[in-house]
Amino acid sequence: MMDTTDDWVQTLGAGPLLGIAAGAIALLLVLIIGLRVHAFLALVTVSLLTAFAAGIPPADIIDTLSEGFSATLGSVALLVGLGAMLGRMVEVSGGAQALTDALIGKFGEKRAPMALGVASLIFGFPIFFDAGLVVMLPILFTVARRVGGGVLRYGLPVAGAFSVMHIFVPPHPGPVAAGELLGADVGLVLLLGLVVAIPTWYVTSYLFGLWAGKRWVLPVRDILAGGEQAEHDDNPPRAATVVWLLLLPLVLIFLNTGLDTLRAAGAVDGEATWYSVARTFGATPIALLITVFVAIYVLGKRRGRGSDVIEKLLDSALGPVCAIILVTGAGGMFGGVLQASGIGDALADSLEGIGLPVIVAGFVIATALRIAQGSATVALITSAGLVQPVVAAGEYNAVQLAAIVLALSAGSVMASHVNDSGFWLVGRFFGMDVKTTLKTWTVLETLIGLMGFAIASFFYVIA
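Presented here is an overview of the structure given in this document. (Residues numbered from 1 in each chain as written. Predicted model: local features only at pLDDT ≥ 70, side-chain atom pairs only at ≥ 80, totals over all residues. Heavy atoms only, no water.)

### So, the pattern of salt bridges
And step 1. This structure, assessed with the given rule, holds one salt bridge.
And step 2. For arginine 370, the salt bridge goes to glutamate 445, with nearest N and O atoms at 3.4 Å. Residue arginine 370 is located in helix H16 (residues 358-373), and its partner glutamate 445 is located in helix H20 (residues 434-462); the two are separated by 75 residues in the primary sequence. Both residues of the pair, arginine 370 and glutamate 445, belong to the buried class. (Salt bridge = Lys/Arg side-chain N within 4 Å of Asp/Glu carboxyl O. Helix = DSSP H or I, 4+ residues; strand = E, 2+ residues; numbered from the N terminus. Buried < 20%, exposed > 50% of the residue type's maximum accessible area, 1.4 Å probe, protein only.)

### Overview of unusual backbone geometry
Peptide bonds are mostly trans, and most non-glycine residues show a negative phi.
And step 1. The backbone phi angle of arginine 36 is positive, close to 60 degrees, even though this residue is not glycine.
And step 2. Examined against the element boundaries, arginine 36 turns out to sit in the loop between helix H1 (14-34) and helix H2 (39-53).
And step 3. Judged by relative accessible area, which is 70%, arginine 36 ranks as exposed.

### Some words on empty space enclosed by the protein
Rolled over the atoms, a probe sized like a water molecule indicates the empty space that remains.
And step 1. Applying the stated rule across the entire model yields one cavity of 30 Å³ or more.
And step 2. Contributing to the lining of the largest cavity are His166, Ile167, Pro173, Gly174, Pro175, Ala376, Thr377 and Leu380.
And step 3. For the lining of the largest cavity, the secondary structure elements donating two or more residues are helix H7 (152-168), helix H8 (173-182) and helix H17 (376-393).
And step 4. In terms of residue class, the lining of the largest cavity is built from five nonpolar, three polar and no charged. (1 Å grid on protein atoms, 1.4 Å probe; cavity = no way out; pocket = protein on both sides within 12 Å on 5 of 7 lines; lining within 4 Å. Points joined across faces, edges and corners; volume = space filled by probe spheres on them. Nonpolar A, V, L, I, M, F, W, Y, C, P; charged D, E, K, R; others polar.)

### Things to note about H2
An α-helical segment advances 3.6 residues per turn. Residues three or four places apart therefore align on the same side.
And step 1. End to end, H2 covers 20 Å across 15 residues, agreeing with the expected 21 Å (1.5 Å per residue, within 8%).
And step 2. The complete set of buried residues in H2 reads Ala39, Ala42, Leu43, Val46, Ser47, Thr50 and Ala51. End-on view of H2: buried residues confined to an arc of 160 degrees, all on one side of the axis.
And step 3. Phi for glycine 55, located one or two positions after H2, is positive at around 90 degrees. (Expected span 1.5 Å × (residues − 1). Arc of directions from axis to C-beta.)

### Topic: the environment of threonine 437
And step 1. Along the chain, threonine 437 turns up in helix H20.
And step 2. Between the alpha carbons of threonine 437 and phenylalanine 423 there is a distance of 7.3 Å; along the sequence they are 14 residues apart.
And step 3. When sequence neighbours within four positions are dropped, the list of residues in contact with threonine 437 reads Phe423, Gly427, Met432 and Thr442. (Contact = heavy atoms within 4.5 Å.)

### Quick look at the packing of aromatic side chains
And step 1. This structure, assessed with the given rule, holds 11 aromatic pairs.
And step 2. Here the aromatic rings of phenylalanine 363 and phenylalanine 453 are separated by 4.1 Å at their centres, their planes lie at 20 degrees, and the arrangement is stacked. Of this pair, phenylalanine 363 sits in helix H16 while phenylalanine 453 sits in helix H20, and the two are 90 residues apart along the sequence. Both residues of the pair, phenylalanine 363 and phenylalanine 453, belong to the buried class.
And step 3. Through a chain of ring-to-ring contacts, three or more aromatic side chains come together here, namely Trp201, Tyr202 and Tyr206. (Phe/Tyr/Trp six-rings, centres within 6.5 Å; stacked < 30°, edge-to-face > 60°.)

### Comments concerning the nonpolar core
And step 1. Formed by 157 residues in total, the largest nonpolar core has its most connected members in Phe123, Leu133, Phe168 and Phe430.
And step 2. Element by element, the count of residues in this core is highest for helix H3 (residues 58-92), at 14 residues.
And step 3. Leu259, Val268, Tyr275 and Ala278 belong to the second-largest nonpolar core, a separate cluster that totals five residues. (Core = buried A, V, L, I, M, F, W, Y, C linked by side-chain atoms within 4.5 Å.)

### Side note on the packing of helix H9 (residues 186-215) against helix H18 (residues 398-412)
And step 1. Relative orientation of the contacting elements H9 and H18 amounts to 55 degrees, with a least axis distance of 9 Å. Taken together, H9 and H18 sit at an angle that is classed as oblique. Crossing hand, H9 versus H18: right-handed. Contact with H9, carried on its side by Leu188, Val189, Leu192, Gly193 and Val196, involves Ala398, Val399, Ala402, Val405 and Leu406 of H18 and no other residues of that element. (Axes fitted to C-alpha atoms, helices over the stretch in contact; angles between N-to-C directions. Parallel < 35°, antiparallel > 145°, perpendicular 65-115°, else oblique. Left-handed = near helix turned anticlockwise from the far one by under 90°.)

### Some details on the side chain of glutamate 445
And step 1. Judged by relative accessible area, glutamate 445 falls into the buried class, the value being 3%.
And step 2. Residues within four places of glutamate 445 in sequence aside, it is in contact with Ser163, Arg370, Val413, Met414, Ala415 and Ser416.

Purely geometric numbers; function is a separate question.
So, in structure tokens, the structure goes:
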């Protein structure tokens with residue numbers, strides 16, 4: 001990102017700058033929580049006021065805001081938009097239900113929670129938390145009625161699976177945006193994110209879900225709430241087709257990362273044309289673009305859907321994610337202001353002075369923001385903006401950068417409570433009161449954050 005303030009010198013000391021940062025975050029929380037201002041408007045407003053308060057020349061403020069916004073949005077919008085399109089095609093084709101039925105048939109009814117959880121982990125790659133949970137609800141409720149044992153026995157492994165994938169694994173907006181802000185390789189974040197997400201899900205969502213399901217045996221709700229369900233094809237695709245489709249972008253992205261690793265090791269020529277072309281096809285946006293076109297053919301045209309129907313389906317996928325994209329871009333704007341104003345450098349000096357490692361500081365900051373304002377995305381992007389100068393000033397290898405991103409992600413999912421929309425979504429879907437939701441969902445999310453941070457810290461230390 002081009003620095004528009006090259007000729008400007010910050011004259012404020014660390015104390016005033018940190019005070020401005022604290023005031024900016026406090027104002028952000030007041031606007032979002034107290035006054036119920038939309039997060040996008042709140043972030044833009046606070047970014048503008050922070051720029052003025054920090055003394056950035058008025059002539060440079062708009063350029064600073066725009067560059068911070070566009071630098072983040074340029075890649076995030078592509079990944080989130082393409083991921084939403086892919087998820088919509090999988091959902092409407094009936095692929096989600098087909099794969100879940102196959103998994104239950106393979107695992108057996110006694111291991112239905114495992115089957116549903118594994119299916120949710122697979123669907124959680126392209127599908128957002130809210131959408132994924134809604135897609136799985138009819139299947140989840142049907143299995144819970146057929147097998148018995150209460151809704152939480154099946155619901156918590158499912159909801160936890162979508163949560164870990166949403167918070168740790170690209171192309172979801174949080175880890176993508178944080179990776180862009182900190183200069184981490186998105187492919188490596190994806191690879192390590194999967195390594196973090198899968199064991200974390202097994203311990204914190206599957207095992208805890210089985211225990212919580214026995215302790216709180218809740219009846220299955222008769223009426224679905226929370227949105228209109230998708231109309232599935234009468235003749236859904238085979239489960240294997242869906243699996244291979246969802247694996248395609250992973251294979252392409254891993255190819256990109258693998259080639260870069262071979263180049264660094266001197267095994268391949270990084271200047272060769274074939275190398276550049278192969279890595280282009282393995283870049284995350286291109287991998288998702290290819291997968292979306294394959295999904296259009298395999299799940300759409302080959303199954304008799306006309307071009308006009310497919311166009312409407314893809315268009316309907318973009319509307320719900322626009323707010324997420326804009327909030328993510330505004331978070332990047334806030335981070336850009338903090339960096340340009342020198343606030344981030346002051347924070348870096350303060351953290352260095354007390355000897356707190358950046359991975360721990362980032363986790364603590366993200367946790368504090370998550371608890372205070374509820375949104376995991378806002379907490380992750382804001383904390384990434386705050387630690388960005390610390391990372392830029394240090395020397396970190398690719399694995400350490402990815403580990404820092406995952407540590408921030410872990411902090412941003414901690415302690416879901418009444419100011420988190422996901423708290424109410426899960427509680428309402430599963431028929432829980434606030435007290436029970438605190439004892440189950442809040443604990444589950446906190447366990448995800450703690451275990452995710454532990455695994456990310458392990459990668460950071462050994463790298």
